[in-house]
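Coordinates in review
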Amino acid sequence: MTSVITGDIIGSRQQSEHWVEGLKKILAKFGATPSQWEIYRGDEFQVEIRNPEDSFITAVLIKAHLRTLKYDARMSIGFGDKTHDAEKISESNGPAFINSGELFETLKKQKVNLALRTGDSAIDEKMNLMIRLALTFMDNWLVQAAEFAVAAIENPSLSQEELGQKLGINQAAVSRRQKRAHFELVMDLDSYFRKQIKQYTTK
């Protein structure tokens with residue numbers, strides 16, 4: 001069982017391409033390109049997250065990073081097996097890739113920037129409703145809230161004071177940014193998502 005995130009940068013053709021290097025740094029944490037992640041056709045990307053429980057927070061990290069640059073991404077997360085392991089991730093195959101790719105094609109029409117598909121309709125319906133509710137604020141993250149989200153996701157063990165040192169702000173400012181990002185809700189959703197995926201993958 002694995003998970004695959006398929007995405008594209010929203011409105012990238014109207015904007016400059018300074019998002020590419022930052023996105024490469026994030027994706028590089030998950031392995032080598034092009035076998036585990038790839039940026040192709042200019043503004044599309046795909047990454048395999050081998051621990052499916054990490055896939056939601058990874059998508060949130062990608063989104064938050066892009067929001068710090070005033071961009072955004074449309075992403076689908078697919079779950080399932082990997083039946084063909086190619087040299088390029090875009091040529092690999094299996095239910096995880098099919099679920100991710102097919103769902104991605106519908107996102108524009110749905111006007112949704114993040115969704116998942118496990119193939120279990122009960123989990124998919126429940127989780128996608130929760131993700132859509134979370135997107136009501138994540139889609140509107142301003143630069144400072146997004147910067148806080150990136151720092152907090154990448155440094156989960158740091159206190160507010162330590163995050164403040166990283167961001168060059170005091171603890172009170174960290175607390176304000178955390179509230180503006182609704183970050184506790186994001187982490188609660190991640191925790192719930194992990195439980196759901198764990199049950200699904202150990203069936």
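Residues numbered from 1 in each chain as written. Predicted model: local features only at pLDDT ≥ 70, side-chain atom pairs only at ≥ 80, totals over all residues. Heavy atoms only, no water.

1. A short note on the pairing of strand E1 (residues 2-9)
Of all eight residues that make up E1, eight are buried, and the element is covered over most of its length. Two strands pair when backbone bridges link them, and E1 and strand E4 (residues 73-80) are joined in this way by eight bridges, in the antiparallel orientation. Paired with Ile9 across the bridge in E4 is Ala73. Taken together, the six bridges between E1 and strand E3 (residues 44-49) define a ladder with antiparallel strand orientation. Its bridge partner being in E3, Ser3 is matched across the sheet by Ile49. (Buried < 20%, exposed > 50% of the residue type's maximum accessible area, 1.4 Å probe, protein only. Helix = DSSP H or I, 4+ residues; strand = E, 2+ residues; numbered from the N terminus. Pairing = 2+ DSSP bridges.)

2. Remarks on the packing of aromatic side chains
In this structure the tally under the stated criterion is three aromatic pairs. Arranged with centres 5.7 Å apart and planes meeting at 45°, the rings of Phe56 and Phe193 form a pair that is tilted. Here Phe56, found in helix H2 (residues 55-68), pairs with Phe193, found in helix H8 (residues 183-201); they are 137 residues apart in sequence, far enough to count as distant. A single burial state applies to Phe56 and to Phe193, both of which are buried. By relative accessible area, which is 0% here, Phe193 ends up buried. Among the aromatic residues, those joined into a ring-pair cluster are Phe56, Phe79 and Phe193. (Phe/Tyr/Trp six-rings, centres within 6.5 Å; stacked < 30°, edge-to-face > 60°.)

3. Some points on the sheet that holds E1
Here five strands make up an open sheet; going across it, the order is E2-E3-E1-E4-E5 and the pairing mixed. This sheet does not close on itself; its edge strands, each paired only once, are strand E2 (37-40) and strand E5 (114-117). The mean inter-strand angle of the sheet, taken between neighbouring strand axes irrespective of direction, is 15°. Across the sheet, helix H3 (residues 95-110) touches E1, E3, E4 and E5, and the angle it forms with E4 is around 150°. (Axes fitted to C-alpha atoms, helices over the stretch in contact; angles between N-to-C directions. Contact = heavy atoms within 4.5 Å.)

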